[in-house]
Amino acid sequence: METEMKTVIGVRFKKVGKIYYFDPSGREIQSGTPVIVETARGLEYGIAEIGVREVPTKEIISPLKKVVRVAAEQDVLQDELNKKREEEAYEIFNEKAKSHGLAMKLVEVELTFDQNKIIFYFTADGRVDFRELVKDLASVFKMRIELRQIGVRDEAKVLNGMGICGRTLCCATFLEDFQPVSIKMAKEQNLSLNPTKISGVCGRLMCCLKYEEETYAALNRNLPNEGDIVRTPDGDGEVMSVSVLRQTVRAAVRKRENDQVNVGVYPVGDISVLERKASVDDDGA
């Protein structure tokens, strides 16, 4: 059965934001072209990161919105004006929040292209009653006001920074979505469980622990655990350590019960597990 295809372009609204598909409406739009598109919250200005192409219909979230027009010079100027107004709104928000005695850290301000709504993204410890603040802001901006409380990972994505690897943060350069990360991923890679070594600048487990998860999980399936009793070419013994990438096992073995214990390194293919050590995995997000 032939897969049904649909002609689309991929538009991004933020520097490292998610890419959304839109109907090019018959236009030949190249990658890098600024466009005005119809979204659920009105007209939006974005950049076509993916030029015209065909994708399977099953990959599209219906209904597929249309490209209204390729951005004209006036549209580009309007977007620049909106960015200046966002900077002004940033200062005003902080003043108003302080006057209301609210412990809120403003992270980002977003003004819709048609200036119909302004969105403030903030972080705070726990819930914040900002109803009076919204009324105050509405009287200043004369438009719809929306406040969204975001998490520390979202904050790091917006603010950017340098990771312990010496590179700019993955979330602020190429990651479109956050994937769940667990302490089990660090265990599988034999990493130190010291929080300062496996946590990002946001304080959560580093996103890069996810990158090689499938590879390490597959390699670990071939290996015994530390403490397992194994049979080797030199006799039976206990596993002292394993090398995931080399696929080798270091074990203390002896040929006969009264022989001296010898430590050797064996390829995983040369051993067999006789008795597994009971273990409990503690997962954490």
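Heads up: the structure comes first, above all this text.
**What to know about the overall build of the protein**
Across its full length, the protein holds seven helices and 13 strands. A compact globule built from 285 residues should have a C-alpha radius of gyration of about 19 Å, whereas the protein, at 27 Å, is more than 25% larger. With respect to the three principal axes, the spread of C-alpha positions in the protein is 90 × 60 × 30 Å. Of all 285 residues assigned to the protein, the portion counted as buried reaches 36%. Pairs at least 24 apart in sequence give 58% of the contacts found in the protein among residues at least 6 apart. By element, 49% of the accessible surface of the protein is carried by carbon and sulfur atoms, the whole surface being about 17,800 Å². Charge-centre separation for the protein: the mean point of 42 positive side chains lies 2 Å from the mean point of 46 negative side chains.

**Quick look at helix α3 (residues 152-159)**
Regarding α3, the residues found buried are E155, A156 and K157. Taken together, the buried residues of α3 touch β6 (105-111), β7 (117-123) and α4 (170-173). Downstream of α3 by one or two residues, N160 has phi in the positive range, about 65°.

**Details of the packing of helix α1 (residues 73-99) against helix α2 (residues 131-141)**
When two helices pack together, you describe them by how their axes are tilted relative to each other and by the distance separating the axes. One way to put it is that α1 packs onto α2 with a least axis distance of 10 Å and a crossing angle of 140°. With respect to α2, the axis of α1 lies oblique. Crossing handedness for the pair α1 and α2: right-handed. Together, A89, I92, F93, K96 and A97 of α1 and L133, D136, L137, V140 and F141 of α2 make up the contact between the two elements.

**Some points on the environment of I9**
Along the chain, the position of I9 falls in strand β1 (residues 5-12). In sequence terms I9 and R27 are 18 residues apart; their C-alpha atoms lie 9.9 Å from each other. Filtering out sequence-adjacent residues up to four positions away, I9 remains in contact with Y20, Y21, F22, P24, I29, A48, I50, G51, V52 and V67.

**Some points on the sheet that holds strand β9 (residues 229-232)**
The strand order across the open sheet formed by five strands is β12-β11-β10-β9-β13, and the pairing between neighbours is antiparallel. One side of each edge strand has no neighbouring strand; the edge strands of this open sheet are β12 (262-267) and β13 (272-275). Between one strand axis and the next, the sheet turns by 45° as a mean value, whatever way the strands run.

**Concerning the environment of I119**
Its location among the elements puts I119 in strand β7. When near neighbours in sequence (up to four residues on either side) are disregarded, I119 contacts R41, E108, V109, E110, E146 and R148.

**Some words on the side chain of K157**
If you trace the backbone, K157 turns up in helix α3. Buried and without a salt bridge, K157 has D177 as its closest oppositely charged side chain, separated by 7.1 Å. Within the structure, the side chain of K157 is placed 2.9 Å from the backbone oxygen of C171, a separation counted as a polar contact. Looking at K157, its side chain comes within polar contact range of the main-chain oxygen of L175, at 2.4 Å. When neighbours within four sequence positions are excluded, K157 is seen to be in contact with V16, C171, A172, L175, E176 and F178.

The rules behind these values
Residues numbered from 1 in each chain as written. Predicted model: local features only at pLDDT ≥ 70, side-chain atom pairs only at ≥ 80, totals over all residues. Heavy atoms only, no water. Helix = DSSP H or I, 4+ residues; strand = E, 2+ residues; numbered from the N terminus. Rg over C-alpha atoms; globule rule 2.2 N^0.38 Å. Buried < 20%, exposed > 50% of the residue type's maximum accessible area, 1.4 Å probe, protein only. Contact = heavy atoms within 4.5 Å. Areas by Shrake-Rupley, 256 points an atom, 1.4 Å probe, with all protein chains shown as cover. Lys, Arg positive; Asp, Glu negative; His and termini not counted. Charge placed at Lys NZ, Arg CZ, Asp CG, Glu CD. Axes fitted to C-alpha atoms, helices over the stretch in contact; angles between N-to-C directions. Parallel < 35°, antiparallel > 145°, perpendicular 65-115°, else oblique. Left-handed = near helix turned anticlockwise from the far one by under 90°. Pairing = 2+ DSSP bridges. Salt bridge = Lys/Arg side-chain N within 4 Å of Asp/Glu carboxyl O. Polar contact = N/O pair within 3.5 Å; in protein donor to acceptor, adjacent residues only side chain to side chain.

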